[in-house]
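# Examining the three-dimensional arrangement
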Amino acid sequence: SSLPNPSVTAVLDVQKQALALGAPGALTRIDSGNSSYRISTGRADTAAGTGMDADRRFRVGSVSKSFTTVVLMQLVAEGRIDLDASANDYLPKALPDDRITVRHLLSHRSGLWDYTNDMFYYTVPGFESVRNKVFTYQELIDLSTAHKVNNEPGAAYSYSNTNFVVLGQLIEHLTGVPMATQYQQRIFEPLKLKNTSYVHPNITISGSYARGYLRQDDTTLPLVDSTEQTVSWAQSAGAVISNSVDLNRFFSALVSGKLVPQTQLQEMMSMVPVNSDGTQSYGLGLRGRKLSCGVTVYGHTGTVQGYYTYAFTTADGKRSMTSMANTSNNGTVNTVLAGTLEASFCGKGVA
Ligand SMILES: CC1(C)S[C@@H]2[C@H](NC(=O)CCCC[C@H](NC(=O)C[NH3+])C(=O)[O-])C(=O)N2[C@H]1C(=O)[O-]
């Protein structure tokens, strides 16, 4: 491909910076044509002193939104959902505004308030209060609709977990099939993603995995091991568990037309800028990031207690990268970790 070769040294440099900023460990996997690069630094388990490796499983957070979108778009292709219909046509309990369409939910333009703003205002107390809780979709939606909307439907981009909780409820109500089965039958099995699972509300991560460490709001206090949790506060918006080889395969297969037909793929990849310089965009359950060497990559990011994730691929799916640092509530780690995109796709260190 016309891309520069990945820079392993630049990836390692980013990972070292992430550790210096407080991440116990970091991993990156790059798949480029027939070449694969597995790069890791630091610890997967600080108490046991276990080293990180690039194959370990972890909670992917909002990368789950791209999986939920694939299920939804397959149902659109099957003629069972109209993207521009009112979401209320498919829901068991109406949202407060009939004008909210399925497309608004997928593109974070519904205006629905994000209940996690309240839930996690105080990071560790918020986490501890929900880590073992099991919510219904409706309980989470009701937390959101107790608030005013951020904007009129379609009027603006306002990212909200609520949108993808509504979509999980919509898919289950329409089909009568739980999301776990939808993911398994429509994505995990066809792509042989043997390291990917949806085990909500089970709290443990099976197999070889990285533990996750949540930084406290008082940063002088020790990290909190946040590995075990139901992630019921997110579910179809954030509860998938996977690893770097599977996420690379997922996004490469997606853009290569292996998961949804071209018509639906084009809808997903129709990007709307969401930042001032246009380097970041959002389509349907998919982020776009324009890098310094001119390439735009497609995928999603994730933030869940103890884990930051970047998972992106080129438009042709020929080069994919997943990076994870096993901490969160540490914005500088998240920002620095983005540097693995430049290293992997542009062969550049971050100045
Ligand atoms: C838009 C995001 C960043 S937030 C959204 C979702 N993650 C969450 O909503 C979790 C929010 C609380 C996480 C917690 N932070 C606090 O509690 C702060 N008080 C921490 O850092 O572990 C996800 O994942 N998305 C990211 C995305 O899409 O990249």
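What comes next is a walk through the structure. (Residues numbered from 1 in each chain as written. Predicted model: local features only at pLDDT ≥ 70, side-chain atom pairs only at ≥ 80, totals over all residues. Heavy atoms only, no water.)

A few words on the overall build of the protein chain. Scanning the protein chain from N- to C-terminus turns up 12 helices and 14 strands. For the protein chain, the C-alpha radius of gyration of 19 Å lies close to 20 Å, the compact-globule estimate for 351 residues. By its C-alpha atoms, the protein chain is 50 × 45 × 40 Å across when sized along the principal axes. Looking at the protein chain as a whole, 59% of its 351 residues qualify as buried. Look at the contacts in the protein chain between residues 6 or more apart in sequence, and 69% of them connect residues 24 or more apart. Carbon together with sulfur atoms contributes 50% to the accessible area of the protein chain, which is approximately 13,300 Å² in total. Distance between charge centroids for the protein chain: 7 Å, based on 29 positive and 28 negative side chains. (Helix = DSSP H or I, 4+ residues; strand = E, 2+ residues; numbered from the N terminus. Rg over C-alpha atoms; globule rule 2.2 N^0.38 Å. Buried < 20%, exposed > 50% of the residue type's maximum accessible area, 1.4 Å probe, protein only. Contact = heavy atoms within 4.5 Å. Areas by Shrake-Rupley, 256 points an atom, 1.4 Å probe, with all protein chains shown as cover. Lys, Arg positive; Asp, Glu negative; His and termini not counted. Charge placed at Lys NZ, Arg CZ, Asp CG, Glu CD.)

A large share of strand β1 (residues 25–32) lies buried, amounting to eight of its eight residues. Neither face of β1 is exposed, since G25, L27, R29 and D31 on one face and A26, T28, I30 and S32 on the opposite face are all buried. Relative to strand β2 (residues 35–45), β1 is paired through eight bridges, and the arrangement is antiparallel. Bridge pairing in β2 links I30 to Y37. Strand direction decides the pairing type here: β1 and strand β13 (residues 319–325), joined by seven bridges, are antiparallel. When the sheet's bridge partners are listed, I30 is paired in β13 with M321. (Pairing = 2+ DSSP bridges.)

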